[in-house]
Amino acid sequence: MTHIDAGAELDPVHPIPVPERATGLTGAEVAERVSRGEVNDVPVRSSRSLTEIVRANVFTRFNAIIGILWLIMLFVAPIQDSLFGFVIIANTGIGIVQEWRAKQTLDSLAVIGEAKPTVRRDGIAAEVSTSEIVLGDLIEIGPGDKIVVDGLCAEADGLEIDESLLTGEADPVVKRPGDEVMSGSFVVAGGGAFTATKVGREAYAAQLAEEASRFTLVHSELRSGISTILKYVQWMMIPTAIGLVISQLVVKEHDFKESVARTVGGIVPMVPEGLVLLTSVAFAIGVIRLGRQQCLVQELPAIEGLARIDTVCLDKTGTLTEGGMDVSELRPLGGADEGYVRKVLGALGESDPRPNASLQAVIDAYPDSDDWRCTESLPFSSARKYSGAAFSEGDGTNSAWLLGAPDVLLPADDPTLTEVEDLNHQGLRVLLLARVARDLEDPRVLESAEPAALVVLEQRLRPDAADTLRYFAEQDVRAKVISGDNAVSVGAVAGKLGLTGAEDTVDARTLPKDEAGMADALDAGTVFGRVTPQQKRDMVGALQSHGHTVAMTGDGVNDVLALKDADIGVSMGSGSEATRAVAQIVLLNNSFATLPSVVAEGRRVIGNITRVATLFLVKTVYSVILALLVVCFQVEYPFLPRHLTLLSTLTIGVPAFFLALAPNKERAKPHFVKRVMRYAIPGGAVAGIATFVMYLVARHYYTGSGALDAETSSATLTLFLISMWVLAIVARPYTWWRIVLVAAMGFGFLLVLVVPWLQDFFALKLVGAAMPWTAVGVAVVAAVVLEFLWKWVDRRFPA
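About the thresholds
Residues numbered from 1 in each chain as written. Predicted model: local features only at pLDDT ≥ 70, side-chain atom pairs only at ≥ 80, totals over all residues. Heavy atoms only, no water. Buried < 20%, exposed > 50% of the residue type's maximum accessible area, 1.4 Å probe, protein only. Helix = DSSP H or I, 4+ residues; strand = E, 2+ residues; numbered from the N terminus. Pairing = 2+ DSSP bridges. Patch = residues over 30% accessible without salt bridge, like charges linked within 9 Å, V, L, I, M, F, W, Y side chains within 5 Å. Areas by Shrake-Rupley, 256 points an atom, 1.4 Å probe, with all protein chains shown as cover. Salt bridge = Lys/Arg side-chain N within 4 Å of Asp/Glu carboxyl O. 1 Å grid on protein atoms, 1.4 Å probe; cavity = no way out; pocket = protein on both sides within 12 Å on 5 of 7 lines; lining within 4 Å. Points joined across faces, edges and corners; volume = space filled by probe spheres on them. Axes fitted to C-alpha atoms, helices over the stretch in contact; angles between N-to-C directions. Lys, Arg positive; Asp, Glu negative; His and termini not counted. Charge placed at Lys NZ, Arg CZ, Asp CG, Glu CD. Phe/Tyr/Trp six-rings, centres within 6.5 Å; stacked < 30°, edge-to-face > 60°. Lys NZ or Arg CZ within 6 Å of the ring centre and 35° of its normal. Polar contact = N/O pair within 3.5 Å; in protein donor to acceptor, adjacent residues only side chain to side chain. Contact = heavy atoms within 4.5 Å. Parallel < 35°, antiparallel > 145°, perpendicular 65-115°, else oblique. Nonpolar A, V, L, I, M, F, W, Y, C, P; charged D, E, K, R; others polar. Core = buried A, V, L, I, M, F, W, Y, C linked by side-chain atoms within 4.5 Å.

So what about the pairing of strand β12 (residues 386-392)? Which residues, and what values?
By the criterion of burial, β12 is predominantly enclosed, with seven of the seven residues buried. Taken together, the six bridges between strand β11 (residues 373-381) and β12 define a ladder with antiparallel strand orientation. In the sheet register, S377 faces β12, and the bridge partner there is A389. In sequence, β11 turns back onto β12 through a hairpin of four residues, with K385 there showing a positive phi of about 75 degrees. In this structure, the hairpin formed by β12 and strand β13 (residues 398-404) is closed by a connection of five residues, where G396 is found at a positive phi of approximately 95 degrees.

This is how it looks when you write it as structure tokens:
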């Protein structure tokens, strides 16, 4: 094996670096390169700094609007009319703190989940952090390893690298010494080493990933839907606010300061600023909750995305079963000597420096024969379904062997397959050891295969897998087991776990090639075996073509392409570096049972934000309608900012916070904007019109110097009662704590009405009995109309 130094000279005829040494860099050379800054200082995944977090939360369009109005109010009105500004400061502060905590959680988990490349220095191989790699380092690689920096291949032993994530080319590329390897690609077969030629931000994948891997919340239907709503709100606000300003300052000749106060009181509630904050807080808390369960969310919208899935594709090995296996039986075939077969298996185990789980079980069961020398090796490949090696035996005899799937190594009519089938029906995994007469690389090598023994492996079922599959069934999420193993064996394992439909297994080699036919077969079946890596990718695409939202789980390098194409990719923490790199969610504790928590967290976020968004947008709609009616009827705006601050706090702010964090198992539904606005528009219209009618009735009833305060109090009571009914509808279905929450908000308003200093502070005092009871009557009528309208909307515009 040879090492190619980054500074080696090139042969002018054959541009392949001339190897200098195979020991890697010395400690002194590493220190020198670190001092020169030639280190792999890759960007942190969640690269939003504290400064950026503060800027993003403070400098928003709506904060600017509210901030300007707040400064005006500080000069022209009592402090109680400026309370809305302090609420904005508190909300922004909470948003900053929550996002900072989420960032810290992500950063700490990313360090835990980070792969440790094996680097050879001073002739000794050791694992180091990716950020400790320096220019010229010799990095060892094997199946499943990700190429972490750009480099030149120095050593290759059947090395095949998949560059599809970079080039789109699905077929693995065979690499030989001197060939270029690119960061972001990964090893699918064989092993070797390469010399780092570009590190840090100069590496190809780092340049592509630096922007894509930032801490972000924007690529989700929830966030984009809220942005769409805010855009429409902004366009409604501008003309309405202008009309309100003209109405209050020019048409009506009151005291200037009170006119300004009532104008601001009309503009402020149009802004649903708390909705954006609450969404950010809900996502941030979701990340923190999942982080405590050792679940790394690499892209925050994945929390939302997993909640929307209706199909989850599971790889058996590492997902339904634990990674390790045990040899339960060895069955010699054709009169083969069992002692000799044991020697062959021991030598095969020794020939592969990076054994997979199956071969590791063989290594554990059969020690190496010291007098056998490996002369050629063929690493295991998911596409081939077998590995092999050629040996010079102790007595000088040469032999070549293959170890792999019996139904691949043997012809379809071989009687041994019947025996294999019986073992597979018991949920056992079976490997065939076969002697071959041809060269291992010969395309016709299987024609010379002579069966020597069956190696029966017992897989360890994950203790939590059955409960997890049951959870998905209860949540109407269909599970599809897609594995490279024998279909019958996979079906037996799935059957032991209680998966419905596990008895009807499908061999993927019989699936239709066209997408439509494959999609129909996937809809009909549940367990699929002998699936190739490319087929896994095709199957995900076929399911998506039928409108399914697909999650793919896996831990092996053969799952990478499918993980990349799925709507949500989920990788085990012990899986290959390649799978963790492309997955949106990494289960660091390697527990498939964590998935229900992620689904539940996503459903909680989506369902609750959809629920509380109705509260915020009802307020926006009734504020716009009230402003328009005030302009049209040329009357004083009925409220001061303090009144609407009180109403918003009791009917929206406090209850929305609790409702947004409550458990919610309802499956996420699409069309967020439509679902919210179909309730918000009629709800806001009823609240705005009913409140304005009550205000006009009170204006006609009250006269004298305190008339405007009495009219405002009656209108405030009406709007509060209607808003409380909206809250009561949104809080359904009722639980004890939701009933207590609604009742507590009502009690809070009652305190304001009966405690003298609170009456003065909020300028709320009900005068007489006629108008307050009229307000109650108007609110009751509005509540009945609301119930009727929302039921009609449900029938007329189903979500």
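Next comes the rest of the account.
With reference to specific residues and values, describe a nonpolar patch on the surface.
Together, L71, L74, F75, I79, F86 and I89 make up a nonpolar patch on the protein surface, roughly 610 Å² of accessible area in all. Among the elements that make up the nonpolar patch, the one with the highest residue count is helix α3 (residues 61-76) (three residues). The topology assignment puts I89 in helix α4 (residues 83-113). Overall, I89 belongs to the partly exposed group, its relative accessible area being 47%.

How would you summarise empty space enclosed by the protein if you had to cite specific residues and measurements?
Counted by the stated rule, this structure contains two cavities of 30 Å³ or more. In this structure, the second largest cavity spans a volume of roughly 50 Å³. Broken down by secondary-structure element, the contributors of at least two residues to the lining of the second largest cavity are α21 (595-633), α22 (641-660) and α24 (707-730). Top element by residues in the lining of the second largest cavity is α21. It accounts for four residues.

Quick one: what's the story with the pattern of salt bridges, residue by residue and with numbers?
The tally for this structure, following the rule as stated, stands at 24 salt bridges. R36 is the partner of E38 in a salt bridge, and the nearest nitrogen-oxygen pair spans 2.9 Å. When the shortest N-O distance is used, the salt bridge between R509 and D507 registers 2.9 Å. The class of R509 is partly exposed, set by a relative accessible area of 43%. Owing to a relative accessible area of 23%, D507 belongs among the partly exposed residues under this scheme. Among the charged side chains, a network of salt bridges with common partners joins D407, D507, R509 and R530.

Describe the sheet that holds strand β18 (residues 527-529), listing the residues and the values that go with them.
One open sheet holds the eight strands; their spatial order is β8-β21-β20-β19-β9-β16-β18-β17, and the pairing between them is mixed. Looking at the sheet topology across the chains shown, the edges are occupied by β8 (295-297) and β17 (505-507). Here the average twist between neighbouring strands, direction ignored, is 20 degrees. The pairing of strand β19 (residues 550-554) with strand β20 (residues 568-572) spans four bridges and is classified as parallel. Each bridged residue has a counterpart across the sheet, and for A551 the counterpart in β20 is I568.

Lay out a negative patch on the surface in plain terms, naming residues and giving numbers.
Residues E350, D370, D371 and D395 make up a contiguous surface patch of negative charge. Inspection of the secondary structure puts D395 in the loop between β12 and β13. Overall, the relative accessible area of 60% leaves D395 in the exposed class.

Give a description of the packing of aromatic side chains that names residues and reports values.
A complete count under the given rule lists 12 aromatic pairs for this structure. Judged by centre distance (6.1 Å) and plane angle (55 degrees), the ring pair of F692 and Y695 falls under tilted. One end of the pair, F692, and the other, Y695, are both in helix α23 (residues 672-701), three residues apart, so they sit about a helical turn from each other. There is no split in this pair, since F692 and Y695 are both buried. Consider the rings of F761 and F762, whose centres lie 5.0 Å apart with planes at 80 degrees: the pair is edge-to-face. Connected via pairs of aromatic rings, a cluster forms that spans Y340, W372, F391 and W401. One cation-aromatic arrangement involves K231 over Y232; the distance from NZ or CZ to the ring centre is 5.8 Å.

If you had to explain the side chain of T240 to someone new, which residues and values would you point to?
When you line up the elements, T240 lands in helix α7 (residues 221-251). Within the structure, the side chain of T240 is placed 2.7 Å from the backbone oxygen of M236, a separation counted as a polar contact. Aside from chain neighbours lying at most four places away, what touches T240 is M270, V624, A627 and L628.

Tell me about the side chain of E787, and name the residues and values.
Structurally, E787 can be placed in helix α27 (residues 770-796). A polar side-chain atom of E787 sits 2.6 Å from a polar atom in the side chain of R732. Not counting chain neighbours up to four residues away, the residues in contact with E787 comprise W725, I729 and R732.

Account for the packing of α22 against α24, naming residues and giving values.
Where α22 contacts α24, the axes come no closer than 9 Å and their chain directions differ by 10 degrees. Considering the angle they form, α22 stands roughly parallel to α24. Contact residues: α22 offers H643, L644, L647, L650, T651, P655 and L659, while α24 offers T712, T716, L719, F720, S723, M724, L727 and V730. Classifying every residue of the contact of α22 with α24 gives 10 nonpolar, five polar and no charged.

An account of the nonpolar core is needed here, citing residue identities and associated values.
Formed by 132 residues in total, the largest nonpolar core has its most connected members in L306, I585, F592, I609 and F749. When residues of this core are assigned to their parent elements, the largest contribution, 16 residues, is made by α21. The contacts of I609, once residues within four sequence positions are left out, are L222, I226, L278, T279, A282, R604, A660 and F672. In terms of nonpolar packing, the next biggest core, distinct from the first, is built from 23 residues, A519, L522, V531 and V550 among them.

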